[in-house]
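For reference, the chains in residue letters:
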Amino acid sequence: MSKTYSSAERAYREVKERILGGALPGGELISEGEIAGGLGMSRTPVREAFLRLEAEGWMKLYPKRGALVVPVPAGEAEHVVHARYVVETAAARAVPAADRDRVAATLRAVIERQRELAEAGDLEEFAALDTEFHRGAVVAAGNPLLTGFYDSLRERQRRMNSVVVHRHSSNAAQIVEQHGRLADRIAAGDADGFAALLREHLSTAHQVEAAGW
């Protein structure tokens, strides 16, 4: 692997991580020189990284002006949240009765770590663990097709979670409380209760309309 290629990969991963983690919010205009200077590399690999990120839909490049971080479109947010609701509620119904306590215990361990991160003010890692919490409930169903589809939403989901917790830090405490209630519903085998709580959780956190779900 050439040095130029490895530098381009490093720039790509770093900038994408900042976008997904919320350090580079939607609407932010950045330059090749700014990123290159921060990473201690030339502009060439950064330019390659920007082109790759534009192809994936994360950026819009404007010659001689810079790169705009593309905001999460309102319609996309609604579609992602609805898709998550469908998959997560289906998974909750499929968790074997014998596994419910173990799954709930695993989810509560994630919740406890989220509580610690919220208290420490580490919102980026908190948002990343939010994704892990919800994915844990899906994986517990033991259906690789459901898990595979859910994972295809992973990057969009993580970025949306970052937007939520950065919008207002008090959202983190509310998310922790709601996650605890969701884990309790799984332990109780209450799929209908889980679905109702999840609808409230997702629609409130992401400010989307849940009518018709």
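On a predicted model such as this, the values are computed, not experimentally measured, just so you know. (Residues numbered from 1 in each chain as written. Predicted model: local features only at pLDDT ≥ 70, side-chain atom pairs only at ≥ 80, totals over all residues. Heavy atoms only, no water.)

As a further point, take the overall build of the protein. When helices and strands are tallied, the protein shows ten helices and three strands. Taken from N to C terminus, the helices and strands of the protein fall in the order α-β-α-α-β-β-α-α-α-α-α-α-α. Along the first, second and third principal axes, the C-alpha set of the protein runs to 55 × 35 × 35 Å. Within the protein, buried positions represent 44% of all 213 residues. When contacts within the protein are restricted to residue pairs at least 6 apart in sequence, long-range pairs at least 24 apart make up 68% of them. Summed over all atoms, the accessible surface of the protein reaches about 10,600 Å², with 51% contributed by carbon and sulfur. (Helix = DSSP H or I, 4+ residues; strand = E, 2+ residues; numbered from the N terminus. Buried < 20%, exposed > 50% of the residue type's maximum accessible area, 1.4 Å probe, protein only. Contact = heavy atoms within 4.5 Å. Areas by Shrake-Rupley, 256 points an atom, 1.4 Å probe, with all protein chains shown as cover.)

Quick look at the pairing of strand S3 (residues 66-69) now. Where strand S1 (residues 29-30) lies against S3, two bridges are found, and the strand directions are antiparallel. Within S3, the residue paired with Ile 30 across the bridge is Ala 67. Connecting strand S2 (residues 59-62) to the antiparallel partner S3 that follows it, the hairpin turn spans three residues, and Lys 64 within it adopts a positive phi of roughly 70°. (Pairing = 2+ DSSP bridges.)

Pairing within the open sheet is antiparallel, and its three strands lie in the order S1-S3-S2. Of all strands in the sheet, those bounded by a partner on one side alone are S1 and S2.

The subject of this paragraph is the packing of helix H6 (residues 123-139) against helix H8 (residues 154-167). The geometry of H6 relative to H8 is characterised by a closest axis approach of 8 Å and an angle of 130° between their N-to-C directions. As far as their axial angle goes, H8 and H6 are oblique. In this structure, H6 crosses over H8, and the sense of that crossing is right-handed. Touching Leu 123, Glu 124, Phe 126, Ala 127, Ala 128, Asp 130, Thr 131, Glu 132, His 134 and Arg 135 of H6 are Arg 154, Gln 157, Arg 158, Asn 161, Ser 162, Val 165 and His 166, all from H8. (Axes fitted to C-alpha atoms, helices over the stretch in contact; angles between N-to-C directions. Parallel < 35°, antiparallel > 145°, perpendicular 65-115°, else oblique. Left-handed = near helix turned anticlockwise from the far one by under 90°.)

What follows covers the packing of aromatic side chains. In this structure the tally under the stated criterion is one aromatic pair. An angle of 35° between the planes, with centres 5.0 Å apart, marks the rings of Tyr 85 and Trp 213 as tilted. With Tyr 85 in helix H4 (residues 74-94) and Trp 213 in the segment after helix H10 (191-206), the pair connects residues that are 128 residues apart, well separated along the chain. Classification of Tyr 85 by relative accessible area gives buried; the value is 9%. Residue placement shows Arg 52 over the ring face of Tyr 12; its charged tip is 3.5 Å from the ring centre. (Phe/Tyr/Trp six-rings, centres within 6.5 Å; stacked < 30°, edge-to-face > 60°. Lys NZ or Arg CZ within 6 Å of the ring centre and 35° of its normal.)

A few words on the nonpolar core. Within the largest apolar cluster, 36 residues are counted, with the highest numbers of intra-cluster contacts made by Leu 107, Phe 126 and Trp 213. Looking at this core, the elements that each hand over two or more residues are H4, helix H5 (100-120), H6, H8, helix H9 (170-188) and H10. Membership of the second largest hydrophobic core comes to 19 residues, among which are Val 15, Ile 35, Trp 58 and Val 69. (Core = buried A, V, L, I, M, F, W, Y, C linked by side-chain atoms within 4.5 Å.)

What follows is about the domain arrangement of the protein. By a widely used convention, the size of an interface equals the accessible area lost when the partners come together. Domain annotation of the protein identifies domain 1 (7-69) and domain 2 (76-206). One C-alpha centre belongs to domain 1, the other to domain 2, and the line joining them spans 29 Å. Counting residues at the interface gives ten residues for domain 1, matched by seven residues for domain 2. When domain 1 packs against domain 2, the two sides together hide about 770 Å² of surface, and 45% of this comes from carbon and sulfur. Between domain 1 and domain 2 we count two salt bridges in total. Among the ionic pairs, Arg 158 bridges to Glu 17, the shortest N-O distance being 2.5 Å. Here domain 1 and domain 2 share four residue pairs in polar contact (both at pLDDT 80 or more) between them. For the side of domain 1 that touches domain 2, the residue count by class is five nonpolar, three polar and two charged. (Domains from an automatic or database assignment. Buried area = accessible area lost by both parts, 1.4 Å probe. Salt bridge = Lys/Arg side-chain N within 4 Å of Asp/Glu carboxyl O. Polar contact = N/O pair within 3.5 Å; in protein donor to acceptor, adjacent residues only side chain to side chain. Nonpolar A, V, L, I, M, F, W, Y, C, P; charged D, E, K, R; others polar.)

The interhelical angle for the contact between helix H7 (residues 144-152) and H8, taken along N-to-C directions, is 55°, at an axis separation of 5 Å. The angle between the axes of H7 and H8 places the two elements in the oblique class. On the side of H7, the interface is formed by Tyr 150, Asp 151 and Ser 152, while H8 contributes Arg 154, Arg 156 and Gln 157. Class assignment of the residues belonging to the contact of H7 with H8 gives a composition of one nonpolar, two polar and three charged.

Taking 1.5 Å of rise per residue, the 21 residues of H5 would be expected to cover 30 Å, and the 30 Å separating its terminal C-alpha atoms lies within 8% of that figure. Against H6 and H9 lie the buried residues of H5. Directly after H5, the chain includes Gly 121, whose backbone phi takes a positive value near 80°. (Expected span 1.5 Å × (residues − 1).)

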